[in-house]
Amino acid sequence: MPPDPFAGDPDDPAKALLDDAADDEAGPPMSEQEREELLADLSDLAVYQALLEPRGVRGIVVDCGECQEPHYHDWALLAASLEQLLNDGKMRPHEPAFDPDPSSYVSWEYCRGYADGVTASENAL
């Protein structure tokens, strides 16, 4: 995210709006199990990127339950979003990928299966 030009300014015109929005979005704190799952997802994501990025895969596609549209996340964007969720307990909205090539993105399940296949073939040697 670009730096906030009003960061630390007590007269920030958006401060009241941001405070209200933070109160509205504040949910229950993340449980230890949710935190562990998120850390595991970040670890898995690094493995998937290492295996698939050299093969031309740009990231992961997620089918959105809210808008019923696929969302294309580059590796770095998804990692940043998960890290933000881990640190802040929520994710900020982000710009969708501009005109993504769907053939360059795979599902989380595909990544998991690919990684499992690589692991199985290495263990068979």
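Read on for an overview of the structure. Here the structure is a predicted model, which is why all the values come from computation and not from measurement.

Residues in a regular strand point their side chains to alternate faces of the sheet. Note that strand 1 (residues 59-63) and strand 2 (residues 70-74) share 5 bridges and pair antiparallel. Looking at strand 2, one finds that Val62 is bridged to His71.

Judged by nonpolar contacts, the single largest core of 16 residues is most densely connected at Leu45, Ile60, Trp75 and Cys111. Excluding its chain neighbours within four sequence positions, the residues that come into contact with Trp75 are Leu45, Tyr48, Gln49, Leu52, Glu53, Val57, Arg58, Gly59, Ile60 and Cys111.

Now for the pairing of strand 1. Hairpin connection of strand 1 to strand 2: 6 residues between the antiparallel strands, including Gln68 at a positive phi of 60 degrees. Bridge count for strand 1 against strand 3 (residues 105-106) is 2 bridges, and the pairing is parallel. Pairing of Ile60 across the sheet is with Val106, part of strand 3.

Another aspect to go through is the side chain of Gln84. Following the sequence through the fold, Gln84 ends up in helix 3 (residues 75-88). Classification of Gln84 as buried rests on a relative accessible area of 15%. Those residues within four positions of Gln84 in sequence are excluded, and the remaining contacts are Gly89, Lys90, Met91 and Arg92.

Right, let's talk about the sheet that holds strand 3 for a bit. If you trace the 3 strands from one edge of the open sheet to the other, you get 2-1-3, paired in mixed fashion. In this open sheet, the two strands that pair with only one neighbour each are strand 2 and strand 3.

What follows deals with helix 2 (residues 32-52). With 21 residues, helix 2 ought to run about 30 Å at 1.5 Å a step, and its terminal C-alpha atoms sit 30 Å apart, in line with that. Listing the buried residues of helix 2 in full gives Leu38, Leu42, Leu45, Tyr48 and Leu52. Around the axis of helix 2, the buried residues are gathered within 130 degrees of arc, so they sit on the same side. Relative to its buried face, helix 2 has exposed residues pointing more than 90 degrees away, namely Glu32, Gln33 and Ala50. The elements touched by buried residues of helix 2 are strand 1, helix 3, strand 3 and helix 4 (108-124).

Thresholds, definitions, all that
- Residues numbered from 1 in each chain as written.
- Predicted model: local features only at pLDDT ≥ 70, side-chain atom pairs only at ≥ 80, totals over all residues.
- Heavy atoms only, no water.
- Pairing = 2+ DSSP bridges.
- Helix = DSSP H or I, 4+ residues; strand = E, 2+ residues; numbered from the N terminus.
- Core = buried A, V, L, I, M, F, W, Y, C linked by side-chain atoms within 4.5 Å.
- Buried < 20%, exposed > 50% of the residue type's maximum accessible area, 1.4 Å probe, protein only.
- Contact = heavy atoms within 4.5 Å.
- Expected span 1.5 Å × (residues − 1).
- Arc of directions from axis to C-beta.

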